[in-house]
Structure formats: structure tokens, C-alpha cells
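One letter stands for each residue in the lines below.
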Amino acid sequence: MHSIADIPRDEVVVAPSLLAADFNRLGEECAAAAAAGAKVLHLDVMDGHFVPNISFGVPVIKSLRKQSDLFFDAHLMISHPKQYAKVFSDAGSDLITFHLESDDDPDEVIDELKRLGVAAGISLKPGTSAEKIFPYLDRVDLVLVMTVEPGFGGQHFMHEMMPKLAAIRREIKRRALPVILEVDGGVAPATAEEVAAHGGNWLVAGTAVFRAPEGMKNAVEKLKSAYRVFDRETI
Ligand code: DX5
Ligand code: ZN
């Protein structure tokens, strides 16, 4: 297990999303992400209920944990996250992010994640406003802003989410909180600078990393280079 303290909170970090990997070779794909320079692996868990798609769950994460030393960033797009937090923590997740729009009380889910000793993240769908997350900012390690409707990889990046992203970064700065701001959906070298400029510093990228025509290493490096414009638009 890793501590979130080992991962920088104020740098641009690339988190390849395993959803875009070749599921016939998941172990090799994880190793390739690490060899390409990624430190964090984003794991998209979908239950066919909270989102209209089913991906993978506990057994896959548990199996990958045996061979991978990456920081496991589990994104739970599921109903009842409180009930499932323990099994995803036991499977080897280092960070568990749940959705504000799920049916559970966010404070209770955060309490459960803290009790389990796993880092806590909270995510907002595109239709949820920035202010809805503000009451939880001092209790979480990370906020995940969706730039697509959750459920599928390979969708178009929603540029119109940038004011919301900047508003959350401004609030984090105003209250001097050590919260990571992660962005997920359609992030690619062409959109990474826009994300970083508006204060996003963990970049989830599925298609852009695992299916990069120029190779994963180049893709990870290009995404990381967005650091030079990090936080430019939020003042
Ligand atoms: C969408 C998932 C994303 C997605 C990202 O519901 O949360 O993590 O897999 O994939 P790309 O980078 O292909 O948009
Ligand atoms: Zn995700």
C-alpha cells in the first residue's frame, strides 16, 4: 500500500485509466504504464446502475495489486459506495473516490474511508455545481472533476467545465487546503494545458495513454509538460 503523502499534491501527475487498456493483457498494460513514467493508475469501477456500463471490480484490482507497485486510484462509479469501500480498500486501493451524486451521505462515506485508512476522493458529474463540493473540501484528499458524463472512455472533453474547475481551485487556495484536483474524461495532450491552466493537477487519461499512436512514454511526457501552465487561470 502507498500513502498519498508520497505523491505530490502540487505537481502535474498523469494517471492512466486502465479502462482503455487491452483487457486481455492487464498485467502487462500496468507494467507498461509504469515503464512509461506513470506513478498513479486510475481504476474505473462501474456497476451498471450508477452509470449505464459495467467495467471491472474487486478481483481485477486485487490481482493487479499482486504485481504492480503503482499508486492505485480507484474511481467508484457505483451506488452504495459506503457499503463497498472496505472491499475496494482490502483489494489494494490507495485512494478511493466516490461520487457526490451517489445515494449515500458524503460525510458517512468519508468517515468510512478514514476509518479504513485509505485516502478519500469525491467526484462531481458535469451537471453538479462547484459549490456542492465546498462543504467537504476540508475532509478529502482529492476532488475529481468529470469532463465527460461518467460511464464510458473515449468521449469528447467538455471545455465548458473549466470555469467550475477554476472555481474549485480558487476555493482550495482561499482556504489553503492540501487538496488535489483531478480531472477525468477526454484528457489528452491537446486538452492537458487547458486543464492545468484552470488548476487541475492530476490528469486522468485513458485513450490518450493506452492507445497513443506515438507510444505511451511520449504521451505521458506530453501530458506532464502541461505543468508549465499549471494554475495560470484561477487567480
Ligand atoms: C469515464 C471514466 C474515465 C475514462 C477516461 O467514466 O471515469 O476515467 O475512462 O477515458 P478517456 O481518457 O478515454 O476519456
Ligand atoms: Zn475515471
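In this report, we go over the structure that sits alongside the text. These figures come from a predicted structure and were not determined experimentally. (Residues numbered from 1 in each chain as written. Chains lettered and ligands numbered in written order. Predicted model: local features only at pLDDT ≥ 70, side-chain atom pairs only at ≥ 80, totals over all residues. Heavy atoms only, no water.)

**Considering the environment of Asp 73**
Counting through the fold element by element, Asp 73 comes out in strand 3 (residues 71-77). Overall, Asp 73 belongs to the buried group, its relative accessible area being 0%. Spatially, the C-alpha atom of Asp 73 lies 7.6 Å from that of Thr 97, the residues being 24 residues apart in sequence. Sequence-distant contacts of Asp 73, that is, excluding residues within four places in its chain, are made with Ala 15, Val 40, Leu 41, His 42, Leu 43, Leu 95, Thr 97, Glu 182 and Trp 202. (Helix = DSSP H or I, 4+ residues; strand = E, 2+ residues; numbered from the N terminus. Buried < 20%, exposed > 50% of the residue type's maximum accessible area, 1.4 Å probe, protein only. Contact = heavy atoms within 4.5 Å.)

**Details of the site of ligand 1**
What surrounds ligand 1 is a group of 20 residues, the closest being Asp 44, Gly 151, Asp 184, Gly 206 and Thr 207. The contact in question runs from an oxygen atom of ligand 1 to an N or O atom on the side chain of Asp 44, over 2.6 Å. Gly 151 places a main-chain nitrogen or oxygen 2.8 Å from an oxygen atom of ligand 1. With the chains in place, 99% of the 380 Å² that ligand 1 exposes on its own is no longer accessible. Mapped onto the shell around ligand 1, the elements with two or more residues apiece are strand 2 (40-46), strand 3 and strand 8 (202-205). Here the residues of the shell around ligand 1 sort into eight nonpolar, ten polar and two charged. (Near = heavy atom within 4 Å. Polar contact = N/O pair within 3.5 Å; in protein donor to acceptor, adjacent residues only side chain to side chain. Areas by Shrake-Rupley, 256 points an atom, 1.4 Å probe, with all protein chains shown as cover. Nonpolar A, V, L, I, M, F, W, Y, C, P; charged D, E, K, R; others polar.)

**A short note on the pattern of salt bridges**
A full pass over the atoms with the stated rule returns 16 salt bridges. Close ionic contact of Glu 28 with Arg 25 constitutes a salt bridge, the shortest N to O distance being 2.9 Å. Taking the shortest distance from any N to any O, the salt bridge between Glu 29 and Arg 25 comes out at 3.4 Å. Residues joined by salt bridges that share partners form a network here, namely Asp 22, Arg 25, Glu 28 and Glu 29. (Salt bridge = Lys/Arg side-chain N within 4 Å of Asp/Glu carboxyl O.)

**Details of the coordination of the zinc ion (ligand 2)**
Around the zinc ion (ligand 2), the donor atoms from the protein are His 42 (NE2), Asp 44 (OD), His 75 (ND1) and Asp 184 (OD), and they sit 2.0 to 2.3 Å away. Its six donor atoms give the zinc ion (ligand 2) angles of 69 to 169° at the centre, a pattern that matches the octahedral case. Linear spacing of the donor residues for the zinc ion (ligand 2) on their chain is H-x1-D-x30-H-x108-D. Linking Asp 44 in strand 2 with His 75 in strand 3, this pair joins segments that are 31 residues apart in sequence. A relative accessible area of 4% means that Asp 44 is categorised as buried. (Donors = N, O, S within 2.8 Å, 3.2 Å for Na, K, Ca; no water. Tetrahedral: all angles 85-135°; square planar, octahedral: opposite > 155°, others 65-115°.)

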